[in-house]
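Observations on chain architecture
Given next are the chains, with one letter for each unit.
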Amino acid sequence: MRMDDEAPKWAPIPPGDVAAPLAGVRVLDLSRVLAGPFCTMLLGDLGAEVIKVETPRGGDETRSWGPPFAGDVSAYYLCANRNKRSIAVNLKSAEGLEVIRRLAARSDVVIENFRPGKAEELGVGYTQLKELRPDLVYCSISGFGQTGPYRNLPGYDFIVQAMSGLMSITGEADRRPMKVGVAVADVFTGLFAALGIVSALRVKERTGVGQYIDLALMDVQIAAMVNVASNYLVGGNVPRRYGNQHPNIVPYQTFEAADGEIAVAVGNDRQFRRLCETMGVPEWAEDPRFATNDRRVENRDVLIPMLQERFRTRTGREWMTALAEHEIPCGPIQTMDQVFADPQVQAREMVRRLVHPSAGEVPVVANPLKLSETPVQIRRHPPDLGEHTEEILLELGYTLEQIEALEAGGSVRRGRSRGPAPGDGASGQRPESDSR
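Residues numbered from 1 in each chain as written. Predicted model: local features only at pLDDT ≥ 70, side-chain atom pairs only at ≥ 80, totals over all residues. Heavy atoms only, no water.

The helix and strand tally for the protein stands at 17 helices and 14 strands. Seen along its three principal axes, the alpha-carbon backbone of the protein occupies a region of about 85 × 50 × 45 Å. The buried share among the 436 residues of the protein stands at 48%. Expressed as a percentage of contacts within the protein between residues at least 6 apart in sequence, the contacts between residues at least 24 apart total 71%. In the form shown here, the protein has an accessible surface area of approximately 20700 Å², with 54% of it arising from carbon and sulfur atoms. (Helix = DSSP H or I, 4+ residues; strand = E, 2+ residues; numbered from the N terminus. Buried < 20%, exposed > 50% of the residue type's maximum accessible area, 1.4 Å probe, protein only. Contact = heavy atoms within 4.5 Å. Areas by Shrake-Rupley, 256 points an atom, 1.4 Å probe, with all protein chains shown as cover.)

The next thing to look at is unusual backbone geometry. The general pattern is negative phi for most residues beyond glycine and trans for most peptide bonds. The omega torsion of the bond from proline 67 to proline 68 falls at 10°, within 30 degrees of zero and hence cis. Within the secondary structure layout, proline 68 lies in the loop between strand 2 (49-54) and strand 3 (69-70). Cis geometry marks the peptide bond from valine 250 to proline 251; its omega dihedral reads -5°. Within the secondary structure, proline 251 sits in the loop between helix 9 (226-235) and strand 9 (252-257). Positioned with a positive phi, asparagine 83 is a non-glycine residue whose angle comes to about 60°. Secondary-structure assignment places asparagine 83 in the loop between helix 2 (75-78) and strand 5 (85-89). Taking the relative accessible area as the measure of exposure, asparagine 83 reaches 1% and is therefore buried. Even without being glycine, valine 226 reaches a positive phi, approximately 30°.

Taken together, the three strands give an open sheet; going across it, the order is 9-10-11, and neighbouring strands pair in antiparallel fashion. The strands lining the two open edges of the sheet, one partner per strand, are strand 9 and strand 11 (330-332). Strand-to-strand twist of the sheet, defined as the mean angle between neighbouring strand axes without regard to direction, takes the value 30°. Two elements, strand 10 (residues 260-265) and strand 11, share three bridges in a ladder whose sense is antiparallel. Across the sheet, residue valine 264 finds its bridge partner in strand 11, namely cysteine 330. In the packing of helix 13 (residues 316-325) onto the sheet, contacts are made with strand 9, strand 10 and strand 11, and the angle to strand 11 comes to roughly 150°. (Pairing = 2+ DSSP bridges. Axes fitted to C-alpha atoms, helices over the stretch in contact; angles between N-to-C directions.)

Our focus in this paragraph is the environment of glycine 155. Relative to the helices and strands, glycine 155 is located in the loop between strand 7 (137-142) and helix 6 (157-163). Relative accessible area serves as the criterion here: at 0%, glycine 155 is assigned to the buried category.

Tallying each qualifying case throughout the model produces seven aromatic pairs. Through a chain of ring-to-ring contacts, the aromatic side chains of Tyr126, Tyr138 and Tyr212 assemble into a single cluster. (Phe/Tyr/Trp six-rings, centres within 6.5 Å; stacked < 30°, edge-to-face > 60°.)

Moving on, we get to the side chain of serine 140. For serine 140, the location among the structural elements is in strand 7. In contact with serine 140, not counting residues within four places along its chain, are Glu112, Gln146, Tyr212, Ile213, Asp214 and Leu215.

With five of its five residues buried, strand 5 lies for the most part within the structure. The two faces of strand 5 match: Arg85, Ile87 and Val89 on one face and Ser86 and Ala88 on the other face are all buried. As paired elements, strand 2 and strand 5 share four bridges and run parallel to each other. Bridging across to strand 5, glutamate 54 finds its partner in alanine 88.

Right, let's talk about helix 17 (residues 400-408) for a bit. The α-helix winds at 3.6 residues per turn, so residues separated by three or four positions along the chain end up facing the same way. Looking at helix 17, one finds that the buried residues are Ile403, Leu406 and Glu407. Along the long axis of helix 17, the arc covered by the buried residues comes to 100°, so they all point the same way. Summarising the geometry of helix 17, the exposed residues directed more than 90 degrees from the buried face are Glu401 and Ala408. Buried residues along helix 17 sit against helix 3 (94-105), helix 16 (389-395) and strand 14 (412-413). In the segment just after helix 17, glycine 410 is the residue with positive phi, at about 85°. (Arc of directions from axis to C-beta.)

In structure tokens, the structure reads:
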């Protein structure tokens, strides 16, 4: 549990190809920003071939969400787009739509996050593409789903955190509601989307039947409220903000040591007795007000100030050493520089490096899955806009002359080595999004 400024040691990507769980699965990614791209990155990490479709005019908007930038590539874009190829296509042109239809006919999975109804308007909805690929697995991500009175509302993570109840329980009790510091609704939705797609692919293996997946950020975040939602449904009381405290377990929060705060998580009565012994007050564990967790929850306003007074008598490092010796869960509150310098994080190789054609060598957060027989591989850098347009079109049977004509008409855009696309103006219109 070191808290120092040692520079992190990046773990290299292992060479060579390894059989992957999703090898042979083709994914057509019509999504953008975070939830969809995070899902397809996970699928790509597991070996799927992912083709990222972007508008010729600027591409995925996260490309410009900075600083910071590595070269001219935003750190935000880098976080969710490895293991993909990029093709830049104007879906609003007939020629561009034909490219997408050809790709869909070759794909096992299509994922999109257009506003409900927009995919059908563009000609890339589930029923339209299922005609080309009857066993297609098709996943739609939107803010509020394909049904219900809110289906057409824009679904930003921040708004969903507010509407799902998450913000109402986040923050100190006497302060304003707060969002979580990461776009958790987007991230959770990406995880559920990946799980749903893999499950649908498993069904397809057994039955030959594809299916449609309707996934809403709002639904996902409500499901992710887990015990807080269950507390309300069972107990009937509206949950409130507890800051860093736990609504059902005491003591389970941060405490101020002599030199800063540490996190302490006492999960059962045995651990509480050991905590009291470590702090030199074993009699507290026998006090009827604190002897069991339910009593500690009822009497938290009495117990917590007593514990806090004891914690202020020693430094955080001293307390963590003492608590760890008695197997009481505790830890430092680390900043990101401390996280990536932490020996546990380094031992788990949670930072990898990849070489990007314009950004050079860049560090990325590793996939946390540790598969013993089919380890996750980073096979491709997050692609430049349209980096693989020509390559993919050639695979679809287009000739170079046809590709040049498509680019001249603004239906596609090739990578930066080709220079600005002649049609990268009014003709390269951005498809409207579902949830953004």
